[in-house]
Amino acid sequence: MARGVSSASVALTLLAGHLSCRSEPTPRPAAPTCRAEVVMPRGSSQATAVGRQGEALATVRRRALKAACTKACTDEPHRGCVARCLVDQQAQKIGARVTCDGSADRDTPAATR
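Residues numbered from 1 in each chain as written. Predicted model: local features only at pLDDT ≥ 70, side-chain atom pairs only at ≥ 80, totals over all residues. Heavy atoms only, no water.

Let's talk about the overall build of the chain
Per the secondary structure count, the chain includes three helices and three strands. Across the 113 residues of the chain, 27% fall into the buried class. By sequence separation, contacts in the chain at least 24 residues apart represent 51% of the contacts at least 6 residues apart. For the chain, the exposed surface amounts to about 8,200 Å²; the carbon and sulfur share of it is 55%. (Helix = DSSP H or I, 4+ residues; strand = E, 2+ residues; numbered from the N terminus. Buried < 20%, exposed > 50% of the residue type's maximum accessible area, 1.4 Å probe, protein only. Contact = heavy atoms within 4.5 Å. Areas by Shrake-Rupley, 256 points an atom, 1.4 Å probe, with all protein chains shown as cover.)

This is the structure:
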């Protein structure tokens, strides 16, 4: 070592600098919770879906809508009622509203039709 600085002292200096720069852990965003209401000619049904940490808001919204359609279809004899409810909601043939909160990525409006 030509300059009188050992590699051990450089390593200790870097380690001390790293330890002194500790930052507080970043708080994780709250998991999204979505509430859906589906309004059909025979009445309305409501459901809530709670997301898991890191789950996309769109996924939680879809689960809430599917749960509301499932509740609306409890008295329906045919098996395709839930799928038809979801399709009719997308086509705006039936009314639906979804509100979500507790998410860091609020990329969609709080209420949609």
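A few points about the pattern of salt bridges
Pairing between side chains becomes possible if they bear opposite charge and their charged atoms approach one another. For the structure on display, the rule yields five salt bridges. Close ionic contact of R52 with E55 constitutes a salt bridge, the shortest N to O distance being 3.9 Å. For R52, a relative accessible area of 53% puts it in the exposed group. The closest approach of N and O atoms between R63 and E55, which form a salt bridge, is 2.9 Å. Accessibility expressed as a relative area gives 17% for E55, which makes it buried. Look at the salt bridges and you will find they share partners, linking R52, E55 and R63 into a network. (Salt bridge = Lys/Arg side-chain N within 4 Å of Asp/Glu carboxyl O.)

Overview of the state of the cysteines
Taken as a whole and assessed by the stated rule, the structure comprises three disulfides. The disulfide partner of C69 is C85, and the S-S distance across this bridge is 2.0 Å. Between C69 and C85 the disulfide shows an S-S torsion of about -70 degrees. By sign, it is left-handed. Of this pair, C69 sits in helix α2 (residues 57–72) while C85 sits in helix α3 (residues 81–90), and the two are 16 residues apart along the sequence. Paired through a disulfide, C73 and C81 show a sulfur-sulfur distance of 2.0 Å. Given an S-S torsion of about -70 degrees, the disulfide between C73 and C81 has left-handed geometry. (Disulfide = S-S within 2.5 Å.)

Here's the deal with the packing of α2 against α3
Where α2 contacts α3, the axes come no closer than 9 Å and their chain directions differ by 125 degrees. In terms of axis orientation, α2 runs oblique to α3. Here the hand of the crossing between α2 and α3 comes out right-handed. For the pair α2 and α3, contact is made by L65, K66, C69 and T70 and by V82, C85, L86 and Q89, respectively. Taken together, the residues of the contact of α2 with α3 break down into five nonpolar, two polar and one charged. (Axes fitted to C-alpha atoms, helices over the stretch in contact; angles between N-to-C directions. Parallel < 35°, antiparallel > 145°, perpendicular 65-115°, else oblique. Left-handed = near helix turned anticlockwise from the far one by under 90°. Nonpolar A, V, L, I, M, F, W, Y, C, P; charged D, E, K, R; others polar.)

Some details on the pairing of strand β2 (residues 43–50)
The two faces of a sheet get side chains in turn, since along a regular strand they alternate between them. Bridge count between strand β1 (residues 33–40) and β2: eight bridges; the pairing is antiparallel. Following the sheet pairing, T33 is matched in β2 by V50. (Pairing = 2+ DSSP bridges.)

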